[in-house]
Amino acid sequence: MGFPGCRQSLGLGRNMATVALVVLLLIQLPAGDSAQEAKGGKKKEAGGKGGKGGKVGGASQKLKRLSEEGFAAAEAGNLDLCSRKFAAAAKLDPTYSDYHTQLATCLRGLGRKQEAMQEFELARLHMDEQRNRAGGDMYWASVHINLGYLYAEGGGAGSVEGGMAKAAQAFAKATELAPQLADAYSYLGNALSELGDFEKARNVYQKAIDKVVPKSQADKQSMLYFHLAGAHGNLGDTDKALKAYKASTKANPKFAASYTNMGTIYQGRKQNEKARDVLEIAVQLDGQLAEAYTNLGVALQDVGDKKRAVVMTRTAIELKPTLSPAQNNYGRALENDDQLENALSAYYKAIQLSGESYSDAFCA
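Every value quoted in this text rests on a predicted model; they were computed, and no experiment measured them.

**Student:** What exactly am I supposed to notice about the state of the cysteines here?
**Tutor:** Covalent bonding between the sulfur atoms of two cysteines defines a disulfide. Under the criterion given, the structure shown has one disulfide. Residue pairing for Cys82: its cysteine sulfur links by disulfide to Cys106, the two sulfurs lying 1.8 Å apart. Placement of the pair is Cys82 in helix α4 (residues 79–92) and Cys106 in helix α5 (residues 97–109), with a sequence separation of 24 residues. What makes Cys82 buried here is its relative accessible area of 1%. On the accessibility criterion, Cys106 (4% relative accessible area) is buried.

**Student:** I'm lost on the nonpolar core in this one. Help?
**Tutor:** As a rule of thumb, soluble globular proteins bury nonpolar side chains together. Counting 94 residues, the largest nonpolar core has Phe86, Tyr99, Trp140, Ile145, Phe171, Tyr245 and Met262 as the members making the most contacts within it. With ten residues, helix α7 (residues 136–157) is the single largest residue contributor to this core. If sequence neighbours within four positions are ignored, Trp140 has contacts with Ser97, Ala123, Arg124, Met127, Asn132, Arg133 and Leu177.

**Student:** What is the right way to look at unusual backbone geometry in this model?
**Tutor:** The bulk of non-glycine residues show a negative phi, and the bulk of peptide bonds are trans. Backbone geometry at Lys270 places phi at a positive 65°, although glycine is not the residue there. Structurally, Lys270 can be placed in the loop between α13 (256–268) and α14 (272–285).

**Student:** I tried to follow the environment of Asn203 on my own but got confused; where do I start?
**Tutor:** Looking at the element boundaries, Asn203 is found in helix α10 (residues 198–212). Judged by its relative accessible area of 43%, Asn203 falls in the partly exposed class. With 25 residues separating them in the primary sequence, Asn203 and Leu228 have C-alpha atoms 8.4 Å apart.

How each quantity is defined
- Residues numbered from 1 in each chain as written.
- Predicted model: local features only at pLDDT ≥ 70, side-chain atom pairs only at ≥ 80, totals over all residues.
- Heavy atoms only, no water.
- Disulfide = S-S within 2.5 Å.
- Helix = DSSP H or I, 4+ residues; strand = E, 2+ residues; numbered from the N terminus.
- Buried < 20%, exposed > 50% of the residue type's maximum accessible area, 1.4 Å probe, protein only.
- Core = buried A, V, L, I, M, F, W, Y, C linked by side-chain atoms within 4.5 Å.
- Contact = heavy atoms within 4.5 Å.

And the structure:
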């Protein structure tokens, strides 16, 4: 006999939202005018006032050379050299935004995130100057998305005070600059969710689904429905959450995370067979999704399949040994299978990983 209420079904709502913010950020900053110069293009030359872009003679040639060397270093993977070249260019011409954005990109790649944020902010200071608008709204939307990502990461880690709110502001600006840039809405909704503003997040996701992302972009539609479901769930509306998860799997039948969270809702409703069935789909689709395996183990226990419950919950901790609720669920499966000594060992590991009390570790 187990502890009363000792079950932990893991939803992926806010956790997955954070992951999406990181994994989906694939937008590359456009090279901008400096790149055009380096490649012999006809766009404006870097520099300030007057003449062919302002800085004339030796200064202009030096800026061009620094830009060429910076891009060459980046392409060669030498981000340290890249950062030094663009830092030198930005020092010579501090109001030319592209030097700051390219420097920020190099610094970000080096893991120097605070400095990267500062450079993106310096770029934004001069965003409205005519020579800095040549890249267009999509360029500046990308700048804001990259800045927002850095703020979101710092805010989530607690290293940037108010970072998540600043991230939301940056992502919101990106949606203003490029209203058809679907990813900007996902990032904005995710940041709002992290701030606990699920109503605004829900509205952002719904707008993107209805007005921005065409149905032909099935993967993006599926992800947006996934996040919309999480917002509905956090607002306490599991009926709408379930409907959105179903829409997510309709758009992309291979999206395992949505099946996993559907299973969590069914488990909460004691619809054990439905929970088992959708969780079986989830693990078939994604053999690395520990949350799906541990939830399936719980569902199997609820329908009386003790042996498979042990196998599924053990698979979960093999995939993610530090997932405390998965260790707890493994202990519960072992206990129900009368493997009491092994169950105690799993429970102790769950407590050690969570750092919480017995009641907190054993009961969701």
